[in-house]
Amino acid sequence: MFDDGCMMKHTSTERNLQRVSAALLTLILFTASTLPLAAEELTRTDFVLGTVCTIRLLEGGTQATLQEAFSRLQAIEQRMSANRDGTEIAAVNEQAGKKPVKVSHDTFSVISKALEYAKLSGGAFDPSVGPLVKLWNIGSGNEKVPARSAITAALNLIDWRKVELDPQAKTVLLKQPGMRLDLGAIAKGYAADEVALILEKHKVKAAVVDLGGNVLVFGAKKDKSPWRVGVQDPESSRGEYLGIVTGTQMTVVTSGVYERYFLENGVRYHHILSTATGFPVENGLLSVTIIARSSIDADALSTSLFALGIEKGMELLRQFPGVHAIFIDEAHKVYLSPGAGKVFTLTNKKYTLSEK
Ligand code: ADP
Ligand code: MG
């Protein structure tokens, strides 16, 4: 653990309670052992958005601030979850091929943003990936590799161009029966940005928002030292770090093979799915970390760049000045986007920095 008490673990899991309680325990131990709780510090951890979410108010804010932030997270989940009944996304999915469904401003803006990234990534990132996500059901606990025919059928339903938005009426129509939206790759980023707005409103001076490894550091620490956010070693489930990102207002978001997966015959099947093959993306990458100002962009980009791979991913990133990326591959090589070296320090000897 780190002395300044501002290192964040990249944990994200709903796949088994053991991991969740391990994460909670680490958090509690961390708080108890290394962080002399400042008089004004307030922390709350809840399971929401399918993951362990922690908000730490280091300076400013009250329990009511935390309450408002967590209520907001719950509201976002209730609107955008693809796995629960009664959400707006469930309604849109049910009406696929039938009729447009009116949604909230929240849901409408996340879908719009997701479609932007679908276009930018040439469909590697695609919020209409739902049929495939449902088929693989990774994280459910009783996964198996689906039949080829089922994969082909799911692939035939994926096409972001068939998601029709009406900005005036705020409606969403999936044009083909069987289509399904899944906002799992972007909703947590939106949620983190929304929490930041609440912190701003309550004049919080320093806070850390960790939505299952989707980290946002808010404001400035009292001693004005920069924030330090740990990037998880993608081969360790124990919260060991690969390196540290140092900076002021920023969000650090990772997509990796370790977040959610299952093993079959010794093969790992992870949760970022290729819209071309219908299988988990296989391009030698273990994880991609994005450092940015806006968490919704960072979340969409981490999944997009993971799906695109290093070369195409770096190319896409050129359209985002000021946004940094860290790619980690199976050969334990770390590839940095131009400029990322200014904010990232590799600390784990198992990995080496590479030029690309
Ligand atoms: P995490 O949610 O674990 O932080 P990501 O942001 O990378 O990780 O999102 C992965 C999730 O996105 C998957 O669990 C699934 O719901 C969805 N997803 C999987 N493949 C794609 C894809 N190609 N495009 C868009 N969303 C995807
Ligand atoms: Mg993402």
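Residues numbered from 1 in each chain as written. Chains lettered and ligands numbered in written order. Predicted model: local features only at pLDDT ≥ 70, side-chain atom pairs only at ≥ 80, totals over all residues. Heavy atoms only, no water.

Let us now look at the overall build of the protein. Looking only at helices and strands, one finds 9 helices and 17 strands in the protein. Across the 356 residues in the protein, those meeting the buried criterion constitute 56%. By sequence separation, contacts in the protein at least 24 residues apart represent 61% of the contacts at least 6 residues apart. Split by element, the accessible area of the protein, about 15,800 Å² in all, is 52% carbon and sulfur. (Helix = DSSP H or I, 4+ residues; strand = E, 2+ residues; numbered from the N terminus. Buried < 20%, exposed > 50% of the residue type's maximum accessible area, 1.4 Å probe, protein only. Contact = heavy atoms within 4.5 Å. Areas by Shrake-Rupley, 256 points an atom, 1.4 Å probe, with all protein chains shown as cover.)

This part covers the site of ligand 1. Neighbouring ligand 1 are 18 residues, the closest being Ala124, Asp182, Ser255, Leu273 and Thr303. Separating a nitrogen atom of ligand 1 from a backbone N or O atom of Ala124 is a distance of 2.9 Å. Here ligand 1 loses 97% of its free accessible area of 570 Å² to cover by the protein chains. Of the residues contributing to the shell around ligand 1, the split by class is 7 nonpolar, 5 polar and 6 charged. Residues lining the shell around ligand 1 come from more than one domain, with at least three contributed by each of domain 1 (10-76 + 196-353) and domain 2 (81-174). (Near = heavy atom within 4 Å. Polar contact = N/O pair within 3.5 Å; in protein donor to acceptor, adjacent residues only side chain to side chain. Nonpolar A, V, L, I, M, F, W, Y, C, P; charged D, E, K, R; others polar. Domains from an automatic or database assignment.)

Before going further, it helps to examine the coordination of the magnesium ion (ligand 2). Surrounding the magnesium ion (ligand 2) are the protein donor atoms Ala185 (O), Asp299 (O), Asp299 (OD) and Thr303 (OG1), at 2.1 to 2.5 Å. Donor residues for the magnesium ion (ligand 2), ordered by position in the chain, follow A-x113-D-x3-T. Placement of Ala185 in the loop between β5 (171-174) and α7 (187-201) and of Thr303 in helix α8 (residues 295-308) is noted, with a sequence separation of 118 residues between them. Relative accessible area serves as the criterion here: at 12%, Thr303 is assigned to the buried category. (Donors = N, O, S within 2.8 Å, 3.2 Å for Na, K, Ca; no water.)

Take the sheet that holds strand β4 (residues 163-166) next. Spatial strand order, β3-β5-β4: 3 strands in an open sheet with antiparallel pairing. What marks the edges here is a single partner per strand, and that holds for β3 (101-102) and β4. Across the sheet, helix α4 (residues 105-120) is in contact with β4 and β5; its angle to β4 comes to roughly 130°. (Pairing = 2+ DSSP bridges. Axes fitted to C-alpha atoms, helices over the stretch in contact; angles between N-to-C directions.)

Where two aromatic rings form a pair, the distance of their centres and the angle of their planes describe that pair. Summed over the entire model, instances satisfying the criterion amount to 6 aromatic pairs. For the ring pair Tyr117 and Phe125, a centre distance of 6.4 Å and an interplane angle of 65° mean the geometry is edge-to-face. We note that Tyr117, like Phe125, is buried. Taken together, the aromatic side chains of Trp136, Phe262, Tyr269 and Phe279 make up a single cluster linked through ring pairs. The ring of Phe108 is capped by Lys170, whose NZ or CZ atom sits 5.5 Å from the centre of that ring. Over the ring of Tyr261 we find Arg268; its NZ or CZ atom is 4.5 Å from the centre of that ring. (Phe/Tyr/Trp six-rings, centres within 6.5 Å; stacked < 30°, edge-to-face > 60°. Lys NZ or Arg CZ within 6 Å of the ring centre and 35° of its normal.)

Structurally, Asp233 can be placed in the loop between β8 (227-232) and β9 (241-247). Of the polar contacts made by the side chain of Asp233, one reaches the side chain of Tyr351; its length is 2.5 Å.

Now for the side chain of Asp329. Tracing the sequence through the fold places Asp329 in strand β14 (residues 324-329). One buried charged residue, Asp329, remains without a salt bridge, the closest side chain of opposite sign being Lys333 at 6.0 Å. A distance of 3.0 Å separates a polar side-chain atom of Asp329 from the backbone nitrogen of Ala331. Apart from the residues within four sequence positions on either side, Asp329 is in contact with Gly284, Leu285, Leu286 and Tyr335. (Lys, Arg positive; Asp, Glu negative; His and termini not counted. Salt bridge = Lys/Arg side-chain N within 4 Å of Asp/Glu carboxyl O.)

It is worth spelling out the pattern of salt bridges at this point. With the rule as written, the count across this model stands at 12 salt bridges. Linking Asp46 and Arg44 is a salt bridge whose minimum nitrogen-to-oxygen distance equals 2.9 Å. Judged by relative accessible area, Arg44 falls into the partly exposed class, the value being 22%. Where Glu68 meets Lys201, a salt bridge forms, and the shortest distance between an N and an O atom there is 2.5 Å. Taken as a pair, Glu68 in helix α2 (residues 63-80) and Lys201 in helix α7 lie far apart in primary sequence, 133 residues in all. When its relative accessible area of 56% is taken as the criterion, Lys201 is described as exposed. Where salt bridges share partners, they join Arg72, Arg79, Asp106 and Glu194 into one cluster.

Moving on, we come to the sheet that holds strand β1 (residues 42-48). If you walk across this open sheet you meet the 9 strands as β1-β2-β6-β7-β10-β13-β14-β15-β17, and the pairing is mixed. Each edge of the open sheet carries a strand with a single partner, namely β1 and β17 (352-354). Shown here is a sheet whose adjacent strand axes are inclined to one another by a mean of 15°, direction ignored. Across 6 bridges, strand β13 (residues 285-292) lies against β14 in antiparallel orientation. Paired with Thr289 across the strands is Ile326, a residue of β14. Against the sheet, α2 makes contact with β1, β2 (51-59) and β6 (206-211), and its axis sits at roughly 15° relative to β1, the strand it touches most. Along the sheet, α8 contacts β7 (214-219), β10 (250-256), β13 and β14; its crossing angle with β13, the most-contacted strand, is approximately 155°.

Read these as geometric descriptors, not functional statements.
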